[in-house]
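Chains, contacts and geometry: an overview
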Amino acid sequence: MSYRPGQVQDDAALIPGYEPLSVRDAAGVKALYGDGDPVLGDRWIPLLGTGGGDFYAAVYEARSPSSRVASVVIGGESRMAYDSVEQMVNAFRNFFRTGVFFIADDGTLDADDDLWISSETGSGRESA
């Protein structure tokens, strides 16, 4: 992927509304949000973030070989969205296949937010 003059984040997004965070940006999110969230605990690192402050974070335990993934919505409650980073990636890949993520009329990547949320919180989570 390369930068083009006039390009904005939505032109290059892989996940609608979210962008991968650099180590510096992830550290900044972690410092601003802090530890102690009952879902995140104190062992987590932001992976994907939005301009509004929402993010997905890998939540890990010292003795576990994989990290669960929490969804944090500023002004809302944090929740576990995926049982592993691999499950999140596979779910996002499936969202492209099933039309949860799609190209909008203006040519940008968009999402059916209701389907996205229900897949992470309801019966769709098991098949993600």
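In short, a report on the structure. Each residue is numbered by its place in its chain's sequence as written, counting from 1. The predicted nature of this model means local features are confined to residues of pLDDT at least 70 and side-chain atom pairs, given and counted, to a pLDDT of 80 or more, with totals for whole chains, interfaces and linings taken over all residues. Values shown for side chains rest on all heavy atoms present in the structure; no hydrogens or waters enter the calculation.

Our focus in this paragraph is the nonpolar core. Ranked by internal contacts, the top residues of the largest apolar core, which has 16 residues, are Tyr56, Tyr82, Phe92, Phe95, Phe101 and Trp116. Of all the secondary structure elements, the ones that give two or more residues to this core are β5 (79-82), α3 (85-98) and β7 (109-111). Secondary structure counts use DSSP, requiring at least four H or I residues in a row for a helix and at least two E residues in a row for a strand, with both numbered from the N terminus. Among the elements that make up this core, the one with the highest residue count is α3 (4 residues). For Phe101, the residues in contact, after removing those within four places along its chain, are Ile15, Pro16, Phe92, Phe95, Phe96, Leu109, Asp110, Ala111 and Trp116. Among the nonpolar cores identified, the runner-up in size contains 8 residues, and Phe55, Val59, Ala70 and Met80 belong to it. In this text, buried Ala, Val, Leu, Ile, Met, Phe, Trp, Tyr and Cys residues form a nonpolar core when linked through side-chain atoms within 4.5 Å. A simple rule labels every residue: compare its accessible area, found with a 1.4 Å probe on the protein chains alone, to the largest value its type can have, and call it buried under 20%, exposed over 50%, or partly exposed in between. Pairs of residues are marked as contacts when any of their non-hydrogen atoms sit within 4.5 Å.

This paragraph deals with the packing of aromatic side chains. Each pair of aromatic rings taken from Phe, Tyr and Trp, with Trp reduced to its six-membered ring, is defined by centres within 6.5 Å and is described as stacked if the planes are under 30 degrees apart, edge-to-face if over 60, and tilted in the remaining cases. Evaluation of the coordinates by the stated rule reveals 14 aromatic pairs. When the centroid spacing of 5.9 Å and the interplanar angle of 90° are considered together, the rings of Tyr33 and Trp44 count as edge-to-face. Here Tyr33, found in helix α2 (residues 23-33), pairs with Trp44, found in strand β2 (residues 44-49); they are 11 residues apart in sequence, far enough to count as distant. Here Trp44 and Phe55 contribute two aromatic rings whose centre-to-centre distance is 5.5 Å and whose plane-to-plane angle is 10°, an arrangement assigned as stacked. Placement of Trp44 in strand β2 and of Phe55 in strand β3 (residues 55-59) is noted, with a sequence separation of 11 residues between them.

A surface patch of negative charge is lined by Asp105, Asp106, Asp110, Asp113 and Asp114. Here Asp113 lies in helix α4 (residues 113-121). For patch detection, residues must exceed 30% relative accessible area and be free of salt bridges, and they are connected within 9 Å for like charges or within 5 Å for nonpolar side chains (Val, Leu, Ile, Met, Phe, Trp, Tyr). Here, Shrake-Rupley sampling with a 1.4 Å probe gives the accessible areas, and only protein chains in the shown set may cover a residue. Just to be clear on terms, a salt bridge is a Lys or Arg side-chain nitrogen sitting within 4 Å of an Asp or Glu carboxyl oxygen. Positive charges come from Lys and Arg alone, negative charges from Asp and Glu alone, with His and the N- and C-terminal ends not counted. Charged side chains are reduced to one point each, which is NZ for Lys, CZ for Arg, CG for Asp and CD for Glu.

Residues of α4 that are buried: Trp116, Ser119 and Glu120. Summarising the axial view, the buried residues of α4 lie within an arc of 95°, below the 170-degree limit, and thus occupy one face. Residue Asp112 occupies the N-cap position of α4, its side-chain oxygen lying 3.2 Å from the main-chain nitrogen of Asp114. Throughout, the arc means the angular range of directions from the helix axis out to the C-beta atoms. Two N or O atoms count as a polar contact when they lie within 3.5 Å, although within protein this holds only if one can serve as hydrogen donor and the other as acceptor, and sequence-adjacent residues are included solely when both atoms are side-chain atoms.

It is worth spelling out the pairing of β3 at this point. The element β3 is extensively covered by neighbouring structure, given that 5 of its 5 residues are classed as buried. Residues Phe55, Ala57 and Val59 point to one face of β3 and Tyr56 and Ala58 to the other, with burial holding for every one of them. Two strands form a pair only when DSSP identifies at least two bridges running between them. In the sheet, β2 pairs with β3 via 5 bridges, with the strands oriented antiparallel. Residue pairing for β3: Ile45 is matched across the bridge by Ala58. Where β2 hands over to β3, the hairpin turn is made up of 5 residues, of which Gly53 adopts a positive phi near 105°.

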